[in-house]
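Chain by chain, the residues:
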Amino acid sequence: MKIALAQLNYHIGNFESNTEKIISAINKSRKSGVDLVLFSELAICGYPPKDLLERKEFVEKSKSALQKVAEHCIDIAAVIGGPSVNPHPKGKNLYNSAYFISNGKIESIHNKTLLPNYDIFDEYRYFEPNTEFSLVELKGKKIAITICEDLWETQPVDNNFAKSALYTISPMEELSKLNPDFVVNIAASPFSYNQQNLRTNILKATSERYQLPIFYVNQIGAHTELIFDGDSLVMNSKGEVAKRLNYFEEDYQIVDLEAIENKKAEARNVNYIEKIHDALVLGLKDYFGKMGFTKTTLGLSGGIDSAVTVVLAERALGKENVRVLLMPSEFSSDHSIKDAVDLAENLGIQYDIVPIQNIFQEFQKSLDPIFGDLPFNVAEENIQARVRGTLVMGLSNKFGHILLNTSNKSESAVGYGTLYGDMNGGLSVLGDVYKTDVFKLAWFINKDKEVIPENSIVKPPSAELRPDQKDSDSLPDYDVLDGILFRYIEKNMSSEEIIQDGFERVTVQKALRLVNMNEYKRFQTPPILRVSSKAFGFGRKIPLVAKH
Ligand SMILES: Nc1ncnc2c1ncn2[C@@H]1O[C@H](COP(=O)(O)OP(=O)(O)OC[C@H]2O[C@@H]([n+]3cccc(C(=O)O)c3)[C@H](O)[C@@H]2O)[C@@H](O)[C@H]1O
Ligand SMILES: Nc1ncnc2c1ncn2[C@@H]1O[C@H](COP(=O)(O)OP(=O)(O)OP(=O)(O)O)[C@@H](O)[C@H]1O
Ligand SMILES: NC(=O)CC[C@H](N)C(=O)O
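If you're wondering where the values come from, they're calculated on a predicted model, not measured in any experiment. (Residues numbered from 1 in each chain as written. Chains lettered and ligands numbered in written order. Predicted model: local features only at pLDDT ≥ 70, side-chain atom pairs only at ≥ 80, totals over all residues.)

Enquirer: Can you walk me through the sheet that holds strand E6 (residues 136-138) in this structure?
Expert: As a general point, the strands of a sheet are linked pairwise by backbone hydrogen bonds and lie either parallel or antiparallel. With mixed pairing, 6 strands are arranged side by side in an open sheet as E6-E7-E8-E9-E12-E13. Two strands lie at the open edges of the sheet, namely E6 and strand E13 (241-244), each paired on one side alone. Strand-to-strand, the axes of this sheet are offset by a mean angle of 20 degrees, without reference to chain direction. In this sheet, strand E8 (residues 182-186) lies alongside strand E7 (residues 141-147) in parallel orientation, the contact comprising 5 bridges. Across the sheet, the residue bridging to Ile143 is Phe182, located in E8. Against the sheet, helix H4 (residues 195-210) engages strand E9 (214-217), strand E12 (233-235) and E13, with an angle of about 155 degrees to E9. (Pairing = 2+ DSSP bridges. Helix = DSSP H or I, 4+ residues; strand = E, 2+ residues; numbered from the N terminus. Axes fitted to C-alpha atoms, helices over the stretch in contact; angles between N-to-C directions. Contact = placed C-beta atoms within 7 Å.)

See below:
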């Protein structure tokens, strides 16, 4: 039996383009003599459709798109993800379903049993869990069709306290009683830099336990914050990866079921920084591409965060679509301006220098009668950041360049950024990357030649909002701070547990206090491209008003 895996990039709600892609893969498969072609979870409408599922019209469009696809399934079978209506009066209106299509029609519908509801997932909000199990038969083979989380019976969480999802039904236990020949898993499994190993291990455990091959198809592409890396694969019944599809790009592979037992795909050891790099480039590309934008802007300071952001933007959108402003103040060092100019020239992007001293002075003059003799403090620092934010937004409004936010996860965590100033932007590129990893990204970008001036990487980080300012005046060193933040945010460890891990009590208490008191700031930040298992955004829900 020849089985094709179609790893495609869908666009949520764009039924025309999704249908066209699916039909084109079906036609290609038929011409290659494929028996069964597999598409990912909710492929017909794109994943995650969120509250669009509450619109009847959206569900009806999914249904007619599937009907159109079915007409093309002559002499070939397909499994495609889409929502289906729950016919029972009780429970949620919808199921998250896999459609088995053959002979030009929908032959059967298989619903998702285990609905993830942790972190960024919210499937119980829309879907009724499945309780009935059956196999499909194709050319003498019995197939168990499952949907993503169905194989994640014990969901490990990257957290020392949250319980793993407790599922009362095991879809694989039920399906295995029916003696399938192989398992299909259609998935929508988002990227995080540690997710790929976890995923492979979970598939391996399932395959070994039931001694069954698994055909796993994930989607690729980004949907606002969520980035899907693909990495679809075929596992033989010994839990060995027989075929692996590409990361971060569409891919299509045909596999012979009878030939997988003695096949072993080459292991791919990609460093996590390279994965984050590729994920962010895809995240940017798809945010712009799917929104219909081409051009971007940001303030280039000569520092490392804006440097890494602009390189990723140039790689995603092309140099002709990136335009930056260099906005020196009286506190900017000459080196910062030179570093920013060198970088812009290395990339071949358009840049303009707009000094902000005069504007800043005018602001100060206007506020003088009100501020009186009060000393220069954070208020003046922030006015500079807001002047810059206003200027880049001016460029954005005039020329249609979407502003990228340059804050990293460490700053965002402790509120080290100015609301309505450098926290502006339509999309945050580095908001899920700790500062220590921003440095690693910069070195990775420079691995073949110096793109980012080395001075931007090695100089002590500074906001340059007052004379001789350094981040280290207000914050612990980033390697210490990031160690604490990771334990608190990703692992949910308590201050005492973090201290026991070897961090100084005062530093831990300060860092945690800053994280807690800055929830309100993060609530106002743009969407953040997610690359870790716990990003700021809709997968981390902390009350703004709370006593910690
Ligand atoms: N709970 C709450 N809910 C709603 N709003 C709340 C609030 N608490 C304060 N606020 C408001 O927020 C204001 C304080 O926030 P904000 O105006 O941003 O100012 P703030 O957080 O006081 O200062 C920004 C800090 O970030 C540093 N910074 C700025 C720019 C860039 C960088 C960098 O290196 O990247 C660092 C800067 O040196 C300074 O230490 C308050 O004045 C108040 O208006
Ligand atoms: N002189 C400047 N010219 C242009 N943009 C600036 C300038 N200074 C700051 N910005 C913008 O504000 C953001 C915050 O910058 P700031 O220097 O305060 O802190 P940072 O987080 O260390 O960032 P970076 O490493 O990019 O300097 C920068 O990333 C940049 O987009
Ligand atoms: N769509 C899903 O069911 C995804 C959940 C699953 N645990 C994953 O991340 O792969």
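The rest of the description comes next.
Enquirer: I keep staring at the site of ligand 1 and nothing clicks. Help me out?
Expert: Around ligand 1 sit 17 residues in total, of which Ala385, Thr418, Leu419, Ala463 and Tyr520 are the nearest. Those elements that provide at least two residues to the shell around ligand 1 are helix H9 (378-399) and helix H13 (471-474). For the shell around ligand 1, the leading source of residues is H9, giving 4 residues. Each residue belonging to the shell around ligand 1 can be placed in one class, and the counts come to 7 nonpolar, 6 polar and 4 charged. (Near = placed C-beta within 6 Å. Nonpolar A, V, L, I, M, F, W, Y, C, P; charged D, E, K, R; others polar.)

Enquirer: Before we go on, may I ask you to explain the nonpolar core in this structure?
Expert: What tends to happen in soluble globular proteins is that the nonpolar side chains get buried as a cluster. Within the largest apolar cluster, 148 residues are counted, with the highest numbers of intra-cluster contacts made by Leu38, Phe39, Val79 and Ile80. Broken down by element, the residue count for this core peaks at 9 residues, all from helix H6 (residues 304-317). Residues lining this core come from more than one domain, with at least three contributed by each of domain 1 (2-270) and domain 2 (276-469). If near-sequence neighbours (up to four positions away) are discounted, Phe39 is found in contact with Ala6, Leu8, Ile22, Ala78, Val79, Ile80, Gly81, Ile186 and Val217. (Core = buried A, V, L, I, M, F, W, Y, C linked by C-beta atoms within 7 Å. Buried ≥ 20, exposed ≤ 12 C-beta atoms within 10 Å, placed from the backbone. Domains from an automatic or database assignment.)

Enquirer: How should the environment of Tyr434 be read in this particular structure?
Expert: Of note, Tyr434 is situated in the loop between strand E19 (427-428) and helix H11 (435-445). When the 25 C-beta atoms within 10 Å are taken as the criterion, Tyr434 is described as buried. Taking the C-alpha atoms as reference, Tyr434 lies 4.7 Å from Lys409; in sequence the two are 25 residues apart.

Enquirer: Sorry if this is basic, but what is going on with the pairing of strand E15 (residues 296-299) here?
Expert: Residues in a regular strand point their side chains to alternate faces of the sheet. Burial of the side chains of E15 extends over both faces: Thr296 and Leu298 are buried on one face and Thr297 and Gly299 on the other. Inspection of the sheet shows E15 paired to strand E16 (residues 322-326) by 4 bridges, in the parallel sense. Bridged to Gly299 within E16 is Leu325. Sheet analysis places E15 next to strand E18 (residues 402-405), joined by 2 bridges and oriented parallel. Looking at E18, one finds that Thr296 is bridged to Ile402.

Enquirer: Would you mind going over the site of ligand 2 with me for this structure?
Expert: Ligand 2 sits among 20 residues. The nearest are Gly299, Ser301, Gly303, Ser306 and Ala463. Listing elements by their share of the shell around ligand 2, those giving two or more residues are E15, H6 and E16. For the shell around ligand 2, the element with the highest residue contribution is H6, accounting for 3 residues. Of the residues in the shell around ligand 2, the class split is 9 nonpolar, 6 polar and 5 charged.

Enquirer: Looking at this structure, I do not really get H4. What am I missing?
Expert: For an α-helix the count is 3.6 residues per turn, leaving residues at separations of three or four pointing the same way. Over its 16 residues, H4 extends 23 Å from the first C-alpha to the last, a length consistent with the 22 Å expected when each residue adds 1.5 Å. Among all positions in H4, only Arg199, Leu203, Thr206 and Ser207 are buried. Down the axis of H4, the sector holding all buried residues measures 95 degrees, keeping them to one side. Every exposed residue of H4 that faces more than 90 degrees away from the buried side is listed here: Asn197 and Asn201. The secondary structure elements touched by the buried residues of H4 are helix H3 (171-176), E9 and E12. With its phi angle positive at about 50 degrees, Gln211 sits one or two positions after the end of H4. (Expected span 1.5 Å × (residues − 1). Arc of directions from axis to C-beta.)

Enquirer: Even after reading the chapter, I still don't get the sheet that holds strand E2 (residues 36-38), so can you show me in this structure?
Expert: As summarised here, the arrangement of the 6 strands in space is E5-E4-E3-E2-E1-E14, forming an open sheet in which the pairing is mixed. Of all strands in the sheet, those bounded by a partner on one side alone are strand E5 (105-111) and strand E14 (251-256). On average, each strand axis in the sheet is inclined to that of its neighbour by 30 degrees, with strand direction left out of account. With 6 bridges connecting them, strand E1 (residues 2-7) and E14 associate as antiparallel partners. Across the sheet, residue Gln7 finds its bridge partner in E14, namely Asp251. Contacting E1, E2, strand E3 (77-85) and E14, helix H1 (residues 15-31) runs over the sheet at an angle of about 150 degrees to E2. Along the sheet face, helix H2 (residues 56-71) touches E3, strand E4 (94-102) and E5 and points at about 160 degrees away from the line of E3.

Enquirer: Even after reading the chapter, I still don't get the UniProt feature "binding site: deamido-NAD(+)" (unreviewed entry) in the chain, so can you show me in this structure?
Expert: Mapped onto the present numbering, the UniProt feature "binding site: deamido-NAD(+)" (unreviewed entry) falls on Asn382, Glu411 and Lys521. Turning to its location among the elements, Asn382 is positioned in helix H9. Residue contacts for Asn382: discarding those within four places in its chain leaves Thr418 and Gly421. For Lys521, a count of 20 C-beta atoms within 10 Å gives the class buried. Not counting the four nearest positions on each side in its chain, Lys521 is found in contact with Gly415, Leu419 and Met423. (UniProt positions renumbered as here; feature names shortened; annotations may be inferred.)

Enquirer: How should I be thinking about the UniProt feature "binding site: L-glutamine" (unreviewed entry) in the chain in this particular structure?
Expert: UniProt marks Tyr118 and Ser189 with the feature "binding site: L-glutamine" (unreviewed entry), using the numbering shown here. These annotated residues cover 72 residues of sequence, and their C-alpha atoms lie no more than 13.2 Å from one another, placing them together at a single site. As for its placement among the helices and strands, Tyr118 is situated in the loop between E5 and E6. A residue is classified by how many C-beta atoms lie within 10 Å of it, and Tyr118, with 14 of them, is partly exposed. Tracing the sequence through the fold places Ser189 in the loop between E8 and H4.

Enquirer: How do you make sense of unusual backbone geometry when you look at a structure like this?
Expert: Working note: non-glycine residues mostly have negative phi, and peptide bonds are mostly trans. Pro48 follows Tyr47 through a cis peptide bond whose omega is 0 degrees. Structurally, the position occupied by Pro48 is in the loop between E2 and H2. Backbone geometry places Asn179, a non-glycine residue, at a positive phi of 60 degrees. In this fold, Asn179 is placed in the loop between H3 and E8. A count of 10 C-beta atoms within 10 Å places Asn179 in the exposed class.

Enquirer: Looking at this model, I keep getting lost on the packing of helix H14 (residues 478-490) against helix H16 (residues 505-517). Mind explaining?
Expert: When two helices pack together, their arrangement is given by the angle between their axes and by how far apart the axes lie. It is at 10 Å that the axes of H14 and H16 come closest, and there the two elements cross at 60 degrees. As the angle between them shows, H14 and H16 are arranged oblique. Crossing of H14 against H16: the hand is right-handed. Together, Val480, Leu481, Ile484, Leu485 and Tyr488 of H14 and Thr507, Val508, Ala511, Leu512 and Val515 of H16 make up the contact between the two elements. Grouping the constituent residues of the contact of H14 with H16 by class yields 9 nonpolar, 1 polar and no charged. (Parallel < 35°, antiparallel > 145°, perpendicular 65-115°, else oblique. Left-handed = near helix turned anticlockwise from the far one by under 90°.)

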